[in-house]
Amino acid sequence: MLIFYVIYPFIRLVQTALGDPGGWSNVGFFFSNTANVFVVQITFRDAAIVTLIDVVAGGVMAWALRSARSRLIRFALLSAIFVPFWMGSVVKIYAFTALLGRAGVINTLLLNLHLTKEPLHLLYTQPAVVAGMVYQMLPLAVLPMYVAFSSIDTDLIIAAEGLGASRARALLDVVLPLAVPGIFATLVINFVLALGFYLTPVLLGGLTSPFTATLIQQDLFAYSDFADASIGGLMLLAGGIASVTLGYFLVGKERLRRAISA
Amino acid sequence: MSTAQVAISTALRWITFGFVVLLVLFLFVPVVIVVMLSFSNATVLQFPPDQLGLRQYVAFAQSPYWTSSVVKSLTIAFPTALVATLVGMPAVFAFNRTRLPFREGLELAGLAPFLLPGVAYAVALYAMYAQFHIVGTTVGLILADSVIALPYVVVIVGAGIKRVTPDLELVAMSLGASRARALIGITFRLTLPAILAAFVLAFLAAFDEATFVNFVGGPDLVTLPKAIFDSLRLGVDPLITGIATILMALTGITMMLAVWLRRT
């Protein structure tokens, strides 16, 4: 069943990509369209931006959770991480549409406070997509890093401070190097997930947004262009496999597995 | 440390603290907005709601389109969770208790749906389903969702079984139990909470699944996430806030149940 459901679909993907109408020239045709090239570039760039924001923000949150002593702060952090999981994936996007829309919450507030004269164009923009993706993946970035940070002995900070280092320096020179493998594993997993987003680019970016997911959706359901859609899919797949392989060689299988399991 | 360093250090700490507070707010705001709007009586989205009431809940309950989508989701999610658990559980047992060849590779394949970009996988499945003409069939969607739910089972049952030492089985066998009896009587029983937790999470994952249904579900299989997706492409219907709030409460309770199961 695994072979049938995991391996065969990708063989079909390659077949459709390189099959009719033109075999290998399909790829050339895909890339001869500058719009397609642009779209793939934007997808990878934005996935990278989202991953970076999430890993930095998630790292800070994970460390705050690791070092928080007050129960109240721990509770606030933990519930902020877990409550978004209760919302379905489409509902999260719905919430962002309600926040960012022309008559949405943010625009209403800005208008009522007289900070702007007319509603801002927030929805159906690339930042809207990035914000939505960051929101959905932030908890997924915090958890594996929290697990990774938990194995770091906080006495090391005290030791570094005792030897004259400032808190910032102790964190940067002692804790950060120890946390690097965990952070890197999180980076890899998040990047792959970010590449695979479908609903968010389509709904928050609008139908013409420059994302591979939207391109695939248009190709399949508007133009019935299987080959084009498959090549788009292959691009994402290649990116995903490349980053997982990179992660595998840099931090090892065990760390990646732990990052997934968290 | 000099006073300047102490001042910088304190400032940094407050900046970090402020940053974390902002992040917590960022994570909470969408949840709060949805719940707040669900108790507004308006037929268009408006904030702040000027008339409170249960209109969104009533409108949802009275709409056959929405209620039937919930039923559809349930008829997909239950079999999906069942298939994922029934496939995943023996697989995990095999990974951990036998010398099955290629088990590392197989385990990786079980996690693959997590490790591959979702859209790419969805297009690939679509290409395969189109070849076999099973786009839009319930069974097809259940099988596709099962593959997506499988990693939850592999990860959770895998973690559960690693807490049960194989020595217990050896003890049982040295006392005369057969291999099968030792496996079922000891290991299966002790991993049962993890298996149930995996079932619950697989169910939630299948209930929430909205990407694959767009590809392999065809136009006629309308699950709840698909219904919300379709409605979102036309605009923001405040009715959704009602069902979203109910879902959030139910998901929250179910997830806590799963967490509790894993602890016992």
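Everything numeric here is computed off the predicted structure, so don't read it as measured data.

Rules and cut-offs
Residues numbered from 1 in each chain as written. Chains lettered and ligands numbered in written order. Predicted model: local features only at pLDDT ≥ 70, side-chain atom pairs only at ≥ 80, totals over all residues. Helix = DSSP H or I, 4+ residues; strand = E, 2+ residues; numbered from the N terminus. Buried ≥ 20, exposed ≤ 12 C-beta atoms within 10 Å, placed from the backbone. Contact = placed C-beta atoms within 7 Å. Expected span 1.5 Å × (residues − 1). Axes fitted to C-alpha atoms, helices over the stretch in contact; angles between N-to-C directions. Parallel < 35°, antiparallel > 145°, perpendicular 65-115°, else oblique. Left-handed = near helix turned anticlockwise from the far one by under 90°. Nonpolar A, V, L, I, M, F, W, Y, C, P; charged D, E, K, R; others polar. Domains from an automatic or database assignment.

**A closer look at the overall build of chain A**
Next, step 1: Secondary structure summary: chain A contains 13 helices and zero strands in total.
Next, step 2: Ordered by position in the sequence, the α and β elements of chain A form the string α-α-α-α-α-α-α-α-α-α-α-α-α.
Next, step 3: Burial status across chain A gives 48% buried among its 262 residues.
Next, step 4: In chain A, of all internal contacts separated by at least 6 residues, the share reaching a separation of at least 24 is 72%.

**Description of the overall build of chain B**
Next, step 1: Summing up its helical and strand segments, chain B has eleven helices and zero strands in all.
Next, step 2: Of the regular secondary structure in chain B, the N- to C-terminal order runs α-α-α-α-α-α-α-α-α-α-α.
Next, step 3: With the C-alpha coordinates aligned to their principal axes, the bounding extent of chain B is approximately 75 × 70 × 35 Å.
Next, step 4: Classification of the 264 residues of chain B by burial places 44% in the buried group.
Next, step 5: Pairs at least 24 residues apart make up 76% of the contacts formed inside chain B by residues separated by at least 6 positions.

**Comments concerning helix 11 (residues 239-263) of chain B**
Next, step 1: Taking 1.5 Å per residue, 25 residues should reach 36 Å; helix 11 of chain B reaches 37 Å between its end C-alpha atoms and fits that length.
Next, step 2: Turning to helix 11 of chain B, its buried residues number three or more, namely B:Leu239, B:Ile240, B:Thr241, B:Gly242, B:Ile243, B:Ala244, B:Thr245, B:Leu247, B:Met248, B:Ala258 and B:Leu261.

**Let's talk about the packing of helix 7 (residues 166-174) of chain B against helix 8 (residues 179-208) of chain B**
Residues and elements named next belong to chain B.
Next, step 1: In the contact formed by helix 7 and helix 8, the axes pass within 9 Å of each other and the chain directions differ by 130°. Between helix 7 and helix 8, the angle is such that the two are oblique. When the axes of helix 7 and helix 8 are compared, the crossing they make is right-handed. Across the interface between the two elements, Leu168, Glu169, Ala172 and Met173 of helix 7 pack against Arg179, Ala182, Leu183, Gly185, Ile186 and Thr187 of helix 8.
Next, step 2: Broken down by class, the residue content of the contact of helix 7 with helix 8 amounts to six nonpolar, two polar and two charged.

**Remarks on the interface of chain B and chain A**
Next, step 1: With 58 residues of chain B in contact, the opposing surface of chain A contributes 64 residues.
Next, step 2: Those elements that provide at least two residues to the side of chain B that touches chain A are helix 1 (3-38), helix 4 (103-115), helix 5 (118-132), helix 6 (138-162), helix 10 (224-234) and helix 11 of chain B.
Next, step 3: Here the element with the most residues in the side of chain B that touches chain A is helix 1 of chain B; it accounts for 15 residues.
Next, step 4: Tallied by class, residues from the side of chain B that touches chain A come to 47 nonpolar, nine polar and two charged.

**Topic: unusual backbone geometry**
Next, step 1: In the Ramachandran plot, A:Tyr124 falls in the positive-phi region, its phi being about 60° despite a non-glycine side chain.
Next, step 2: Take A:Tyr124: it is sitting in the loop between helix 6 (105-112) and helix 7 (126-150).
Next, step 3: Unusually for a residue other than glycine, B:His133 sits at a positive phi of about 55°.
Next, step 4: Note on placement: B:His133 falls in the loop between helix 5 and helix 6.

**A look at the packing of helix 3 (residues 64-97) of chain B against helix 8 of chain B**
Helix-helix packing is characterised by the crossing angle of the two axes and by the distance between the axes.
Residue and element names in this part refer to chain B.
Next, step 1: Packing of helix 3 against helix 8 leaves a shortest axis separation of 8 Å and a crossing angle of 140°. In this structure, helix 3 meets helix 8 at a crossing whose hand is right-handed. Taken together, the residues of helix 8 that come into contact with helix 3 (itself represented by Ser73, Ile76, Ala77, Phe78, Thr80, Ala81, Ala84, Thr85, Gly88, Met89 and Arg97) are Leu183, Ile195, Ala198, Phe199, Ala202, Phe203, Ala206 and Phe207.
Next, step 2: For the contact of helix 3 with helix 8, a count of residues per class yields 14 nonpolar, four polar and one charged.

**Concerning the environment of A:Arg169**
Next, step 1: Its location among the elements puts A:Arg169 in helix 9 (residues 167-195).
Next, step 2: Spatially, the C-alpha atoms of A:Arg169 and A:Ile157 are 9.3 Å apart, while their sequence positions differ by twelve residues.

**Some points on the domain arrangement of chain B**
All names here are of chain B.
Next, step 1: Split into domains, chain B comes out as domain 1 (3-55) and domain 2 (63-263).
Next, step 2: Each partner contributes residues to the interface: domain 1 has nine residues there, and domain 2 has six residues.
Next, step 3: Counted by class, the side of domain 1 that touches domain 2 contains six nonpolar, three polar and no charged residues.

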